[in-house]
Amino acid sequence: MPTTRGITRSISLVLLAAALTGSAGCVSKSLAGTSQPTVILIANNRGFYDVNVYAVRSGQTAGRRLGTVTGNATATLKVPESELQAGGTLVVQVRSVGGRFTWYSSAVQMGPGVIARLDVVQTANGSLGQSQMYSQVVPQRDRENQ
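All values reported here derive from a predicted model rather than from experimental measurement. (Residues numbered from 1 in each chain as written. Predicted model: local features only at pLDDT ≥ 70, side-chain atom pairs only at ≥ 80, totals over all residues. Heavy atoms only, no water.)

1. Structural notes on the environment of Gly 111
Okay, step 1: Examined against the element boundaries, Gly 111 turns out to sit in the loop between strand S8 (108–109) and strand S9 (114–120).
Okay, step 2: Each C-alpha atom of the pair Gly 111 and Ser 135 lies 9.7 Å from the other, and the pair is 24 residues apart in sequence. (Helix = DSSP H or I, 4+ residues; strand = E, 2+ residues; numbered from the N terminus.)

Right, here's the structure in full:
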């Protein structure tokens, strides 16, 4: 037969576990609600092959994967400001899915009211060498509607 001390200890452990689980849930909910500032990248894939787009933090080292853009489609990708290079410039790496080609963009200066546009152009053999990235200022009226 269990003693009163054993029952009390078991109840205490159950209550402690419940309290820890409840407080961990509160922490994860509060962290999930915080959002990081982002910049917008509109990627237009004019080729047949799907491509993966990566932010490049320094040199030619691919950082965070921003997303996949399917062939002959456009996607809006949100780039965390933490993925920008020094001075607020954006450089991306584009890789063909299932292909052998990779392309690096030139650095594009980002700032308030500026979005980046990526035009992925693929040749018949899948080369990405004709692709380009540039910035575009968003009119004030369009910024207020976002």
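Structure's up, so let's keep going.
2. A look at the packing of aromatic side chains
Okay, step 1: According to the stated counting rule, one finds one aromatic pair in the structure shown.
Okay, step 2: Seen from their ring centres, Phe 48 and Tyr 49 are 5.6 Å apart, and the 75° between their planes marks the pair as edge-to-face.
Okay, step 3: On the basis of relative accessible area, Phe 48 is assigned to the exposed category, the value being 68%.
Okay, step 4: Sitting over the face of the ring of Tyr 54, Arg 95 holds its NZ or CZ atom 4.4 Å from the ring centroid. (Phe/Tyr/Trp six-rings, centres within 6.5 Å; stacked < 30°, edge-to-face > 60°. Buried < 20%, exposed > 50% of the residue type's maximum accessible area, 1.4 Å probe, protein only. Lys NZ or Arg CZ within 6 Å of the ring centre and 35° of its normal.)

3. Topic: the side chain of Asp 119
Okay, step 1: Topologically, Asp 119 is positioned in strand S9.
Okay, step 2: Side chain to side chain, Asp 119 and Tyr 134 meet in a polar contact 3.4 Å long.
Okay, step 3: Discounting chain neighbours no more than four positions away, the residues touching Asp 119 are Asn 44, Arg 46, Ser 131, Gln 132 and Tyr 134. (Polar contact = N/O pair within 3.5 Å; in protein donor to acceptor, adjacent residues only side chain to side chain. Contact = heavy atoms within 4.5 Å.)

4. Some remarks on the nonpolar core
Okay, step 1: Counting 25 residues, the largest nonpolar core has Leu 41, Val 92 and Leu 118 as the members making the most contacts within it.
Okay, step 2: Listed by contribution, the elements that provide at least two residues to this core are strand S1 (38–45), strand S2 (51–58), strand S3 (61–69), strand S4 (73–80), strand S6 (92–96) and S9.
Okay, step 3: Those residues within four positions of Leu 118 in sequence are excluded, and the remaining contacts are Leu 41, Ile 42, Ala 43, Asn 44, Val 53, Val 92, Val 94, Trp 103, Gln 132 and Met 133. (Core = buried A, V, L, I, M, F, W, Y, C linked by side-chain atoms within 4.5 Å.)

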